[in-house]
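Coordinates in review
Below are the chains, spelled out letter by letter.
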Amino acid sequence: MNKLKMFTLVLAAMAVATNLSAKDIYVSLANGKNKNAGTKEAPYKNLWKALSVAQTGDVIHVAEGNYPGRMKCGWFKMENPVSIYGGYSADFAQRDPLKYKTMFQPLNENNDKKSGALGLLHIEFEKNPMKAPKGFDIVIDGLIFDDGFASSYHAVKGKPEGFDTGMWLEGPAKNKADKFPSANRYSIYSATASRGEGNITIRNCTFVNGSNYAVNLNWFKGKVAITNNVFCNNRMISINVTCSNGKEKLDWECAYNTVLFTWSRLNDLADMGFAIRNNTNCNANIHHNIIGLNVMTGFDNTKGNPKQKTTQLDNNIFFLNRESDVQMTVSPSIAKVRVDSFEDLEGVDGIESIEDNVDLKDPAIFKGRINTKYLNAFLSMKYSESTKLDTDKCNALRSVLGLPLQGTITTTCDMYANRYPQEDALKLFGAVTEYGAQMPK
């Protein structure tokens, strides 16, 4: 037997041994103590503590509460592949992620806690492929990610009547009422440089008021499943999966998600604002999602080489995406297509299947589930831009010398990524039978 085969068998045996020794760890903000044993009867108090002791394959069960991170830093780092299940009552007697809310909802006053973490949940494994974990299965289930109280919002600009906040502000500018600028981070992030060969499933989670991509997974090897989640009011991209392995393609599934109100990168509404994006070296199976009210497009396929990725886009509901339902490269230009013209995309590079997608026929199904004030403001949103040429002496001199003149540009937008009520985001579960996020089980 050659050395390579022997090494592979050793790794496989180690993975089996790890799974057999995996344990359950319990965390309860209300009833726990970090000096406890981490059992159901004696849980830890903080999730960061559980993550610091958890080994590959362990399962962390997290009771209701708003978990602030170590020293209220607002983030958590996963350095070993473990699973996290939220939504338990404080005594772990019951589990219901919508009733017993396990939240990551940091505050603006703690945005000065600097670190190497780029997400509320930052996943980063060993960078050396020989030492990186293999054969693991990660499940992230029943957590609520809400950056809406860490962000900074303008006091009056872009504030429709009846709203709690004005428009979202990107640093360094900040509302005088806030101590710090917006954090501008991902909700779940996995580092590009980390290595690991295993699977990850993200399900039954809520991503609301994200100040950057909601899910940004840079996965090396394995399978990715993002299923039965609500994404509401996030910036730039709600679901983005890339492959950091240049030799093999990554299979990923995006199913039964409800993705609404993904905002552009800036308040000029000019670029980004995608619900879902597929990237080079990724094979995406996107089905049974509800994809609507996104600033740019529902599904973006313009990133990377379309011949080096494949997409199955079937059985989804699209509605009221501002620019298009799908945007993709059709050489030599970018095609922006509505759902009723999807047949024109059959045979386009990278599109394996694009069937049985529909436009929403009855918007009334969302009555009592979408925040009405937010929806009305979004649908009537207007953007304007005005320029003013300065008449100072400097411009007079520039004119004489034939130099470009300088002026100011003023932009006005009725709203931009204003904070969305978390309780209304949770109402989106179960809105449509057989499409979008269903009630968590």
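Within any chain, residue numbers begin from 1 and follow the written order of that chain's sequence. Only residues with pLDDT of at least 70 are given local features in this predicted model, and only at 80 or more are side-chain atom pairs given and counted; all residues enter the totals for whole chains, interfaces and linings. For side-chain calculations, the full set of non-hydrogen atoms in the structure is used, while hydrogens and water are omitted.

**Some points on the environment of Leu260**
Each helix corresponds to a stretch of at least 4 residues labelled H or I by DSSP, and each strand to a stretch of at least 2 residues labelled E; elements are numbered beginning at the N terminus. Positionally, Leu260 belongs in strand β20 (residues 258–263). Of the residues examined, Leu260 reaches a relative accessible area of 0% and is grouped as buried. Distance from Leu260 to Leu428, taken between C-alpha atoms, is 9.7 Å for residues 168 residues apart in sequence. A contact between two residues is defined here by any heavy atoms of the two lying within 4.5 Å. Apart from the residues within four sequence positions on either side, Leu260 is in contact with Phe231, Cys232, Asn233, Gly292, Leu293, Asn294, Phe319, Ile370 and Leu428. Type-normalised accessible area, obtained with a 1.4 Å probe on protein chains alone, sets the label of each residue: buried when under 20%, exposed when over 50%, and partly exposed for intermediate values.

**Overview of the sheet that holds strand β12 (residues 186–190)**
Here a strand pair is declared whenever DSSP counts at least two bridges between the two strands. In spatial order, the strands read β4-β7-β12-β15-β18-β21-β24-β27-β28; together these nine strands make up an open sheet with mixed pairing. The sheet terminates laterally at β4 (76–78) and β28 (333–337), the two strands that pair on one side only. The mean inter-strand angle of the sheet, taken between neighbouring strand axes irrespective of direction, is 15°. Pairing of strand β24 (residues 297–301) with strand β27 (residues 324–330) involves four bridges; the strand directions are parallel. Bridge pairing links Phe299 to Val326 in β27. The angle between two axes is taken between their N-to-C directions and runs from 0 to 180 degrees, where each axis is a line fitted to C-alpha atoms and a helix contributes only its stretch in contact.

**Side note on the packing of aromatic side chains**
Each aromatic ring pair is described using two quantities: the centre-to-centre distance and the angle formed by the ring planes. In summary, the pairing rule links any two rings of Phe, Tyr or Trp, Trp by its six-membered ring, whose centres are within 6.5 Å, and it sorts them by plane angle into stacked for under 30 degrees, edge-to-face for over 60 and tilted for everything else. Summed over the entire model, instances satisfying the criterion amount to 21 aromatic pairs. Pairing Tyr186 with Tyr213 gives two aromatic rings, centres 5.3 Å apart and planes at 80°, and the pair type is edge-to-face. Placement of the pair is Tyr186 in strand β12 and Tyr213 in the loop between β14 (206–208) and β15 (215–219), with a sequence separation of 27 residues. Among the residues examined, Tyr213 registers a relative accessible area of 13% and is labelled buried.

**Observations concerning the pattern of salt bridges**
One speaks of a salt bridge when a side-chain nitrogen belonging to Lys or Arg is within 4 Å of a carboxyl oxygen belonging to Asp or Glu. A full pass over the atoms with the stated rule returns 10 salt bridges. Close ionic contact of Arg185 with Asp147 constitutes a salt bridge, the shortest N to O distance being 2.9 Å. Of this pair, Arg185 sits in the loop between β11 (168–169) and β12 while Asp147 sits in the loop between β9 (144–146) and β10 (152–153), and the two are 38 residues apart along the sequence. Each member of the pair, Arg185 as well as Asp147, is classed as buried.

**A word on the sheet that holds strand β3 (residues 65–66)**
Reading across from one edge, β3-β6-β9-β14-β17-β20-β23-β26-β30 is the order of the nine strands in this open sheet, with parallel pairing throughout. Strand pairing shows two members of the sheet lacking a second neighbour, β3 and β30 (358–359), which therefore form its edges. Inspection of the sheet shows strand β17 (residues 230–235) paired to β20 by five bridges, in the parallel sense. Each bridged residue has a counterpart across the sheet, and for Cys232 the counterpart in β20 is Leu260. The sheet strands contacting helix α3 (residues 372–379) are β17 and β20, and the helix crosses β20 at an angle near 55°.

**Let's talk about α3**
Along α3, the residues classified as buried are Tyr374, Ala377 and Phe378. For α3, the angular spread of the buried residues around the axis is 100°, confining them to a single face. On its buried face, α3 sits against β17 and β20. Pairing of N or O atoms within 3.5 Å defines a polar contact, subject to two protein rules: one partner must be a possible hydrogen donor and the other a possible acceptor, and residues neighboring in sequence count only if both atoms are side-chain atoms. Its side-chain oxygen 3.3 Å from the backbone nitrogen of Lys373, Asn371 forms the N-cap of α3. What the arc describes is the spread of directions from the helix axis to the C-beta atoms.

**Things to note about the pairing of strand β18 (residues 237–243)**
For β18, the tally of buried residues reaches seven of seven residues, placing the bulk of the element in the interior. The pairing of β15 with β18 spans five bridges and is parallel. Paired with Asn216 across the bridge in β18 is Asn240. Examined bridge by bridge, β18 and strand β21 (residues 274–277) share three bridges and lie parallel to one another. Its bridge partner being in β21, Ile237 is matched across the sheet by Phe274.

**Focus: the side chain of Asn240**
Among the secondary structure elements, Asn240 is positioned in strand β18. Beyond its immediate sequence surroundings of up to four residues, Asn240 is in contact with Tyr213, Val215, Asn216, Leu217, Arg277 and Asn279.

**As for the confidence of the model for the chain**
Here the chain shows a mean pLDDT of 90. Residues at 70 or above account for 89%. Long-range and interchain partners of residues 6–12, a stretch whose pLDDT sits below 50, account for four contacts in this model, where long-range means more than four residues apart. For every residue, the predictor states its confidence as a pLDDT score lying anywhere from 0 to 100.

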